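Here are the chains, one letter per residue:
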Amino acid sequence: MFIEPLEDCETQEKKTVSFTCKVNRTNVTVKWMKGNQEITFSKRVVYRVDKNKHTLTIRDCSMEDEGEYCAVAGSDKSTAELIISEAPPDFSGRLMDQTVTEFEDAEFTCELSKEKADVKWFRSGRTIREGPSHYVYSGSSFSWKGQVHKTHKRKFRVSARNSAGAVSEPSEPSDPITCKDDIEEPRVMVDAKFKDVILVKAGDVFKLEADVAGQPLPSIVWTKDGKEVENTMKLQIKTSDLTAGRLKTDTEYQFRITAENRYGKSTILLSPSVVAQYPFKLPGPPGTPSVHISTRDSMVVVWNEPVIDGGTSVLGYHLERKERKSVLWVKLNKTIIQDTTFK
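In this text the structure is predicted, and so the values were computed from the model without any measurement. All residue numbers refer to positions counted from 1 along the written sequence of the respective chain. With pLDDT at 70 or above as the cut-off, local features in this predicted model cover only qualifying residues; side-chain atom pairs require 80 or more to be listed or tallied, and sums for whole chains, interfaces and linings still use all residues. No hydrogens and no water enter the side-chain calculation; it runs on all heavy atoms of the structure.

Student: Tell me about a negative patch on the surface, and please be specific about residues and values.
Tutor: Each patch is built from salt-bridge-free residues with over 30% relative accessible area, joining like charges within 9 Å and nonpolar side chains (Val, Leu, Ile, Met, Phe, Trp, Tyr) within 5 Å. Surface accessibility in these figures is a Shrake-Rupley result with a 1.4 Å probe; residues are shielded only by whichever protein chains are displayed. Note on definitions: salt bridges are taken to be side-chain nitrogens of Lys or Arg within 4 Å of carboxyl oxygens of Asp or Glu. Charge assignment: positive for Lys and Arg, negative for Asp and Glu; neither His nor the chain ends contribute. By convention, the charge on Lys lies at NZ, on Arg at CZ, on Asp at CG and on Glu at CD. Judged by side-chain charge, Glu7, Asp8, Glu66, Glu68 and Glu81 come together as a negatively charged surface patch. Helix and strand labels come from DSSP, where a helix needs a run of H or I of at least four residues and a strand needs a run of E of at least two; each type is numbered from the N terminus. You can see Glu81 is positioned in strand β9 (residues 76-85). Throughout this description, buried means an accessible area under 20% of the type-specific maximum (1.4 Å probe, protein chains only), exposed means over 50%, and partly exposed covers the range between. With a relative accessible area of 32%, Glu81 lands in the partly exposed category.

Set out below in structure tokens:
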């Protein structure tokens, strides 16, 4: 029946392959089998007959198409093997250009047609090896850290190899990656509460806070009386905060701060005067006493609280009296009067 039997075929994923056989006469029906199952034809798997020539075509081959194929004509049959090798991975897009700040990470990402692929990265024609400054992960993603300087201009490309050892063509190279600094002049700012003279309790701690900005991050210099302030038990500096302790009574202090990065110094910011004083004063005088109720042998004297309490609540009062023509004042209360009324 078969005058030209099927022959083994070998192809690669995604490609098209055809099995062809010839029988000894026309108008013969041929049944196609893969393994023990009859093949169902579709747009991808096509069966054609040209006189006594019968052809089975498989488009866009996958690894599942691999196996033994059989053409059956009556009681006769012909078999052949289809061997499919894994195709090299494809790139679905080119590498994107990157612009980064000096010493920041530069990360390139590419998408592959296969999940499992051995990816090789190249920089300026040389293979990039994984190391402390180069991190290759997830096959299609690459991070380059700590090696970017202002003078560097690099191009990158990538190729992929599958488990069968097939290597793809390298991707299109990226444009040069260039590095530039984000530049921001240093500046110093303080809260509005530090604009006026500040009174603090002698012996207490005074803390001056400043907001410092700039790119790269500036270093801070605190000065007092034209001299740089150093960390001591009395003066403690934490970046943009200065804490001054053990301040002397009635002594006026003033500080100033500047920020500096590689691009220059900020303007000098001068703190307000800080005067160390006791925060409490003597209370003001109470209101003028007056007689509220008077009887034959007693009277009730009342007065108002002082307008100024000296910074703390008034504990009480001392009431005195004298004869009209006398100069001698006599204290009436034995203990402090806590109310503004005395009988």
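Student: Please set out the pairing of strand β8 (residues 67-73) residue by residue, giving values where relevant.
Tutor: It is a general feature of regular strands that their side chains alternate between the two faces of the sheet. In terms of burial, β8 is largely enclosed, as 5 of its 7 residues are buried. Any two strands between which DSSP finds at least two bridges are classified as paired. Across 4 bridges, the pairing between strand β4 (residues 31-34) and β8 is antiparallel. Its bridge partner being in β8, Met33 is matched across the sheet by Cys70. Sheet analysis places β8 next to β9, joined by 7 bridges and oriented antiparallel.

Student: Give a description of the environment of Val300 that names residues and reports values.
Tutor: Looking at where Val300 falls in the secondary structure, it is placed in strand β32 (residues 299-302). Here Val300 is in contact with Ser290, Val291, His292, Ile293, Thr341, Phe342 and Lys343, once residues within four sequence places are set aside. Note on contacts: a residue pair qualifies if any of its non-hydrogen atoms lie within 4.5 Å across the two residues.

Student: Outline the packing of aromatic side chains, listing residues and values.
Tutor: Between 30 and 60 degrees the pair is tilted, below 30 it is stacked and above 60 it is edge-to-face, where a pair is any two Phe, Tyr or Trp rings, Trp via its six-membered ring, whose centres lie within 6.5 Å. Under the criterion given, the structure shown has 4 aromatic pairs. Ring geometry for Phe41 versus Tyr47: centroids 5.4 Å apart, planes at 25°, classification stacked. One Lys or Arg, Lys322, reaches over the ring of Trp329 and ends 5.7 Å from the middle of that ring. Throughout this description, the term charge over a ring refers to an Arg CZ or Lys NZ atom that lies within 6 Å of the ring centre and within 35 degrees of the ring normal.

Read these as spatial facts, not as claims about activity.
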